[in-house]
Amino acid sequence: MGTVNLKKIASVVLAMAVFFSFTLAMTAEANAASSGTLKSTVYTGVIKNGNTVYCSTSAGIYKVKLKNQKVVKKTRLVKSYENNVVNTMKLKGNYLYYTCFYPVGEYMNRVNVKTGKEEEIFGPYKGRFKKYMSVSVLSYAIKGKKLYARINYGDGDEKDYKKTFVSKLNGKSPEKTSVKIKSTEKASNKKGYTIVEKGIETEDSYETKCYLKTPKGKFYLGKYAY
């Protein structure tokens, strides 16, 4: 009988130990999510993921398929327009997050790399910023199922604000947070893979031809003209 009781006591103690360990871990995770610093690397030219390369160019964002480091297929996921040019990119799962310059700021969207469907994340006159004409995503980071963004926003007058928000990955339900973002910009995540652009100017137009350079050569992606 005594042996049975000892076993029961040992089981209870073990269960309590597991419970408290889990509670401490959850508390630590919650504290880390609400404070501290998140490091993030974003890319201005190339993100290589296996045999797929995502290219940020003046003409937009291209999804490129490679075979033996040579381009075999290309698809434009995002098109650039005059005064709306893609800047930084970050890949998370099936989504490519990107920022884009526009006349009075830098908005943020994401595109599903499998379906090509785009979604607005942070921008003027949308969601949390529906009253503001100027929205600039200064830096951003992704951790787990949360998107963090340092945003400068204003109503077009002299008054503007600069806050860090945390939201769902689709930008919904943004809330202010004390988390700091330490962001680093790089041209490429893979040595030997870069974007090359060549501008051609005529009397009445300007054209930029965009290429992906790999260790096996330079491959034409598309052009942007205005």
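Heads up: the structure comes first, above all this text.
Rules used in this analysis
- Each chain has its residues counted from 1, running along the sequence as written.
- Residues qualify for local features only when their pLDDT is at least 70, as the model is predicted, and side-chain atom pairs are given and counted only at 80 or more; totals for whole chains, interfaces and linings, by contrast, use all residues.
- With hydrogens and water stripped out, all remaining heavy atoms of the structure feed into the side-chain values.
- The helix and strand labels rest on DSSP assignments: H or I over at least four residues marks a helix, E over at least two residues marks a strand, and numbering proceeds from the N terminus.
- Buried residues are those whose accessible area, probed at 1.4 Å on protein chains only, stays under 20% of the maximum for their type, while exposed residues exceed 50% and partly exposed ones sit between those limits.
- A contact between two residues is defined here by any heavy atoms of the two lying within 4.5 Å.
- The method behind every accessible area is Shrake-Rupley, applied with a 1.4 Å probe, and residues are considered shielded solely by the protein chains displayed.
- Should DSSP find at least two bridges between two strands, the strands are taken to pair.
- The axes used here are C-alpha line fits, helices contributing only the stretch in contact, and every angle between their N-to-C directions lies in the interval 0 to 180 degrees.

**Q** Help me get a handle on the overall build of the protein, residues and values and all.
**A** Per the secondary structure count, the protein includes one helix and 16 strands. Scored against the burial criterion, the 226 residues of the protein give a buried share of 38%. A separation threshold of at least 6 residues defines the contact pool for the protein, and within that pool the share at least 24 residues apart is 44%. Taken as a whole, the protein presents about 13,600 Å² of accessible surface, with 52% of it coming from carbon and sulfur.

**Q** Which residues make up the sheet that holds strand S15 (residues 206–214), and what values go with them?
**A** Spatially, three strands are ordered S14-S15-S16 in an open sheet, and the strand pairing comes out antiparallel. Here the strands that pair on one side only, and so sit at the sheet edges, are strand S14 (194–201) and strand S16 (217–225). The average angle at which neighbouring strand axes cross in this sheet is 25 degrees, direction not considered. Pairing between S14 and S15: eight bridges, direction antiparallel. In the strand pairing of S15, Ile195 is matched with Leu212.

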